[in-house]
Amino acid sequence: MPNRKGLIAGLIAGAGLAVLGLAGFALYGSGLVGGNGGVASGPCAASAPGLARVEAAARGDVAAMQAPKQAKPAPDIAFNGPDGTETSLAAMKGRLLLVNLWATWCAPCKAEMPALDRLQGALGGPDFAVVAINVDTRNLEKPPQWLKQAGIANLPFYADPGGRVLPVVQHHADSAGLPTTLLIDGAGCTIGVMKGPAEWSSPDGLALVRAALGRTS
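- An unreviewed UniProt entry annotates the protein as Thiol-disulfide isomerase/thioredoxin of Methylobacterium persicinum.

Below, the structure written as structure tokens:
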């Protein structure tokens, strides 16, 4: 009898291990749970190659560009377009976007604006755009006036006078200050975050954008 009881106990334990093994395969093998060497899944899985290119190209003047561990959907934000009507990031989906939040009361923001303007002039087109969103909520005539005085000619004027965009983007980027910049691919997925200013039109900045686009030159 003891031998029979031991045999039954062994069979039950073995069955339990088999069930656990199948459950583990269902979670890890399907990509639902991450692990070392796991395959990226979700709506931004196809953005992994671009994310890897950004991580490799983040050096020199743009070394502070942070590539997330996995690409994630960009925040769903709406703001005013150049004509004053509402637009959104979703409406711009299909090309690489460098989304920059700035304000006239932010000295580092204004200092990097000429470089962003030059970047747009150099690489802006059907595949890429700088989307610089002003987040001033008072003295709303001041931001466009400042852009004109600073000679910013290539950047369309986007604005969020209602103050909706700033908290959403800062939460998404885990950034408490300005400027904050997101690099968003054509699929609408964030593949890079910059906290603070950068020399965007430098050779390093241009190389970063070209790498995100998959261009060699």
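From this point, things continue past the structure.
1. Some details on the overall build of the protein
Working step 1: Looking only at helices and strands, the protein features 6 helices and 8 strands.
Working step 2: Of the regular secondary structure in the protein, the N- to C-terminal order runs α-α-β-β-β-β-α-β-α-β-α-β-β-α.
Working step 3: Expressed as a percentage of its 217 residues, the buried residues of the protein come to 40%.
Working step 4: Split by element, the accessible area of the protein, about 11,500 Å² in all, is 58% carbon and sulfur.

2. A closer look at the state of the cysteines
Working step 1: Under the definition given, this model contains 2 disulfides.
Working step 2: Here cysteine 44 is linked by a disulfide to cysteine 189, with a sulfur-sulfur distance of 2.1 Å. Between cysteine 44 and cysteine 189, the S-S dihedral sits near -90 degrees, and the bridge is therefore left-handed. In this pair, cysteine 44 is assigned in the loop between α1 (2–29) and α2 (48–57) and cysteine 189 in strand β8 (residues 189–195), connecting sequence segments 145 residues apart. Grouping residues by exposure puts cysteine 44 and cysteine 189 together as buried.
Working step 3: Between the sulfur atoms of cysteine 106 and its disulfide mate cysteine 109 the distance is 2.2 Å. One disulfide, between cysteine 106 and cysteine 109, carries an S-S torsion of 80 degrees and so falls in the right-handed class.
Working step 4: In this structure cysteine 106 comes out as buried when scored by relative accessible area, which is 5%.
Working step 5: Owing to a relative accessible area of 0%, cysteine 109 belongs among the buried residues under this scheme.
Working step 6: Sequence-ordered numbering of the bonded cysteines in the protein gives a disulfide pattern of 1-4, 2-3.

3. Some remarks on the side chain of aspartate 160
Working step 1: Position of aspartate 160 relative to the elements: it lies in the loop between β6 (158–159) and α5 (165–173).
Working step 2: Accessibility expressed as a relative area gives 2% for aspartate 160, which makes it buried.
Working step 3: Sequence-distant contacts of aspartate 160, that is, excluding residues within four places in its chain, are made with Ala78, Phe79, Ile133, Asn134, Val135, Asp136, Thr137, Val165 and Leu166.

4. So, the packing of aromatic side chains
Working step 1: Tallying each qualifying case throughout the model produces 2 aromatic pairs.
Working step 2: Seen in terms of ring centroids, tryptophan 102 and tryptophan 146 are 5.8 Å apart; in terms of plane orientation they differ by 45 degrees. Their pairing is tilted. Here tryptophan 102 is found in strand β4 (residues 96–102), whereas its partner tryptophan 146 is found in helix α4 (residues 142–149), with 44 residues between them in sequence.
Working step 3: Overall, the relative accessible area of 1% leaves tryptophan 102 in the buried class.
Working step 4: We classify tryptophan 146 as buried; its relative accessible area is 18%.

5. Regarding the environment of leucine 51
Working step 1: In this structure, leucine 51 sits in helix α2.
Working step 2: Expressed as a C-alpha distance, the spacing of leucine 51 and proline 68, which sit 17 residues apart in the sequence, is 7.8 Å.
Working step 3: Setting aside its immediate chain neighbours within four residues, leucine 51 contacts Ala67, Pro68, Gln70, Ala71 and Ile191.

6. Points about α4
Working step 1: Taken together, the buried positions of α4 are Pro143, Trp146 and Leu147. On an axial view of α4, the arc spanned by its buried residues comes to 100 degrees, and they lie on one face. When the buried face of α4 is taken as reference, the exposed residues oriented beyond 90 degrees from it are Lys148 and Gln149.
Working step 2: Looking at the packing, one finds that the buried side of α4 touches β4, α3 (107–123) and β5 (128–134).
Working step 3: Downstream of α4 by one or two residues, glycine 151 has phi in the positive range, about 75 degrees.

What counts, and where the lines are drawn
Residues numbered from 1 in each chain as written. Predicted model: local features only at pLDDT ≥ 70, side-chain atom pairs only at ≥ 80, totals over all residues. Heavy atoms only, no water. Helix = DSSP H or I, 4+ residues; strand = E, 2+ residues; numbered from the N terminus. Buried < 20%, exposed > 50% of the residue type's maximum accessible area, 1.4 Å probe, protein only. Areas by Shrake-Rupley, 256 points an atom, 1.4 Å probe, with all protein chains shown as cover. Disulfide = S-S within 2.5 Å. Contact = heavy atoms within 4.5 Å. Phe/Tyr/Trp six-rings, centres within 6.5 Å; stacked < 30°, edge-to-face > 60°. Arc of directions from axis to C-beta.

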